[in-house]
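One-letter residues, chain by chain:
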Amino acid sequence: INLIDTPGHVDFTVEVERSLRVLDGTIATFCAVGRVQPQSETVWRQADKYGVPKIAYVNKMDRVGADFLAVVSEIHSKLGANAVPVCLPIGAEDNFQGIIDLISRKAIYYDSGEKLVNYEYKEIPEDMVDEVETWRDKLVEAAAEVDESLMEKYFDDPDSVTEEEIIQAIRKGTISMQIVPACCGSSFKNKGVQFLLDCVMRYLPSPLDVEAVKGINPRNDEKIVRHPSPDEPFCALVFKIATDPFVGRLAFLRVYSGHLDSGATVYNVRSAKRERISRLYQMHSNHQNPLEFVEAGDICAAVGFKDLRTGDTVSQGGARFCLES
């Protein structure tokens, strides 16, 4: 998984546009106290513009005034999105202990340790059983609206619907942007983060789930598509240029198709010149891990070029293919 962390603030809106352009899915983070803020609306509309599926994550459940379901209702009213909780918090504010997975009907309790795996599964607290069943029914109904075969099964016998079928239907609804799964946690206390990553794996699309990318042949404006396969001609978009004190200028690439080896030469469609990419890196916070090659769906940083700019399309061989800059 490649994670790109962008500022949510409206002052940095070009960073958000740039990143959304190359992402397959996004996690929209909301504050459990501040709820849906005006800048959240801007970013949400940008994600809609690029057709990027979303998961909503309500953070800071340990703060005074935290209210998960109030944020979900604001996502409905202010953003016009069909937010569906896939978990419920156990307690809130100082008493925030964990979450309940509505699909598996299991409670996940977190301890405040520094360990990576700091949670255990237990039975649902008795005082929450009715609430869990109510919200689980709403979740299954939302999933059934997306999947007709699940709807028939749900009306015939609600108990016969399996967890796997619910997950598949929510995934389908998320990718088609009919559903926004909503989960909660406290990132500072490392509570709910693992469940959020599970939700990314379950519901957000992989590059193979996203439609083929469309571009044009700059010579005759003929429309061309590229599928996310390493066997197709190489094509990537430069979505950011950064400067690193150790390696100089970095070009961040999103690879849409094909295969590129470190040290290979690419063709820049804008300047109509060839560029040699001397090294490829996987960016890991402020570290660079060298890569031998990248393939369709990868995001990497390239070094050694002379003239690349944000929005450039790079390809290989005789393929002339240009993406919208």
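Residues numbered from 1 in each chain as written. Predicted model: local features only at pLDDT ≥ 70, side-chain atom pairs only at ≥ 80, totals over all residues. Heavy atoms only, no water.

Participant: Help me get a handle on the sheet that holds strand S5 (residues 98-101), residues and values and all.
Facilitator: On the basis of which strands lie adjacent, the open sheet formed by 4 strands has the order S4-S5-S6-S7 and antiparallel pairing. Each end of this open sheet is capped by a strand with a single partner; those strands are strand S4 (87-90) and strand S7 (119-122). On average, each strand axis in the sheet is inclined to that of its neighbour by 25°, with strand direction left out of account. (Pairing = 2+ DSSP bridges. Helix = DSSP H or I, 4+ residues; strand = E, 2+ residues; numbered from the N terminus. Axes fitted to C-alpha atoms, helices over the stretch in contact; angles between N-to-C directions.)

Participant: Describe the packing of helix H4 (residues 129-146) against helix H5 (residues 148-156), naming the residues involved and giving the relevant values.
Facilitator: For the pair H4 and H5, the least separation of the axes is 6 Å and the interaxial angle reads 135°. When the axis of H4 is compared with that of H5, the two are oblique. In terms of crossing hand, the pair formed by H4 and H5 is left-handed. On H5, the residues touching Asp137, Val140, Glu141, Ala143, Ala144, Glu145 and Val146 of H4 are Glu148, Leu150, Met151 and Tyr154. (Parallel < 35°, antiparallel > 145°, perpendicular 65-115°, else oblique. Left-handed = near helix turned anticlockwise from the far one by under 90°. Contact = heavy atoms within 4.5 Å.)

Participant: Outline the pattern of salt bridges, listing residues and values.
Facilitator: For the structure shown, the criterion picks out 15 salt bridges. Of the charged contacts, one joins Arg270 and Asp312 as a salt bridge, the two residues approaching to 2.8 Å between their closest N and O atoms. Here Asp312 lies in the loop between strand S19 (299-303) and strand S20 (313-315) and Arg270 lies in the loop between strand S14 (265-268) and strand S15 (273-276), a separation of 42 residues in the sequence. Taking the relative accessible area as the measure of exposure, Arg270 reaches 38% and is therefore partly exposed. A cluster of three or more residues bridged by salt bridges with shared partners is formed by Arg270, Asp307, Arg309 and Asp312. (Salt bridge = Lys/Arg side-chain N within 4 Å of Asp/Glu carboxyl O. Buried < 20%, exposed > 50% of the residue type's maximum accessible area, 1.4 Å probe, protein only.)

Participant: Outline empty space enclosed by the protein, listing residues and values.
Facilitator: In the structure shown here, the tally under the stated rule is 1 cavity of 30 Å³ or more. Considered as a void within the structure, the largest cavity measures approximately 30 Å³ in volume. Where the lining of the largest cavity is concerned, the elements lending two or more residues are strand S6 (106-110), S7 and helix H7 (193-203). Sorting elements by how many residues they give to the lining of the largest cavity places H7 first, with 3 residues. Grouping the constituent residues of the lining of the largest cavity by class yields 5 nonpolar, 1 polar and 1 charged. (1 Å grid on protein atoms, 1.4 Å probe; cavity = no way out; pocket = protein on both sides within 12 Å on 5 of 7 lines; lining within 4 Å. Points joined across faces, edges and corners; volume = space filled by probe spheres on them. Nonpolar A, V, L, I, M, F, W, Y, C, P; charged D, E, K, R; others polar.)

Participant: Explain the sheet that holds strand S1 (residues 26-31) residue by residue, including any values.
Facilitator: If you walk across this open sheet you meet the 4 strands as S1-S2-S8-S3, and the pairing is parallel. The open sheet has two edge strands with one neighbour each: S1 and strand S3 (83-85). Direction aside, the axes of adjacent strands within the sheet are offset by 30° on average. Relative to strand S8 (residues 180-184), strand S2 (residues 54-59) is paired through 3 bridges, and the arrangement is parallel. Counterpart to Tyr57 in the pairing with S8 is Cys183.

Participant: Describe the state of the cysteines, and please don't skip the residues or the numbers.
Facilitator: As enumerated under the stated definition, the model contains 0 disulfides in all. This cysteine, Cys199, is not joined by any disulfide, and Cys183 carries the nearest cysteine sulfur, 4.3 Å off. (Disulfide = S-S within 2.5 Å.)

Participant: Describe in detail the packing of aromatic side chains, supporting the description with residues and values.
Facilitator: Inspection of the entire model under this criterion finds 5 aromatic pairs. Judged by centre distance (6.0 Å) and plane angle (45°), the rings of Phe30 and Trp44 are tilted. Of the two residues, Phe30 is situated in strand S1 and Trp44 in helix H2 (residues 38-49); the sequence distance between them amounts to 14 residues. In terms of burial, Phe30 and Trp44 fall into one category: buried. Aromatic pair Tyr119 and Tyr121: ring centres 5.9 Å apart, planes at 85°, arrangement edge-to-face. Ring pairing ties together the aromatic residues Tyr110, Tyr119 and Tyr121, which thus form one cluster. Seen from the ring of Tyr109, Lys122 lies directly overhead, with NZ or CZ sitting 5.0 Å from the centre. A cation over a ring is seen here: Lys138 above Trp135, with NZ or CZ 4.1 Å from the ring centre. (Phe/Tyr/Trp six-rings, centres within 6.5 Å; stacked < 30°, edge-to-face > 60°. Lys NZ or Arg CZ within 6 Å of the ring centre and 35° of its normal.)

Participant: If you had to explain unusual backbone geometry to someone new, which residues and values would you point to?
Facilitator: In this structure, Arg35 is a non-glycine residue whose phi angle is positive, near 60°. Mapped onto the fold, Arg35 is located in the loop between S1 and H2. For Arg35, a relative accessible area of 26% gives the class partly exposed. Even without being a glycine, Met177 presents a positive backbone phi close to 65°. Position of Met177 relative to the elements: it lies in the loop between helix H6 (163-175) and S8.

Participant: So what about the layout of surface pockets? Which residues, and what values?
Facilitator: Regions of empty space are outlined by a rolling probe, equal in size to a water molecule, passed over the atoms. By volume, the largest pocket is sized at about 1700 Å³. Along the wall of the largest pocket there are 50 residues; nearest its centre are Leu3, Ile4, Gly25, Thr26 and Ile27. Counting residues per element, the ones that place at least two in the lining of the largest pocket are helix H1 (13-22), S1, H2, S2 and H7. Ranked by residues supplied to the lining of the largest pocket, first place goes to S1 with 6 residues.

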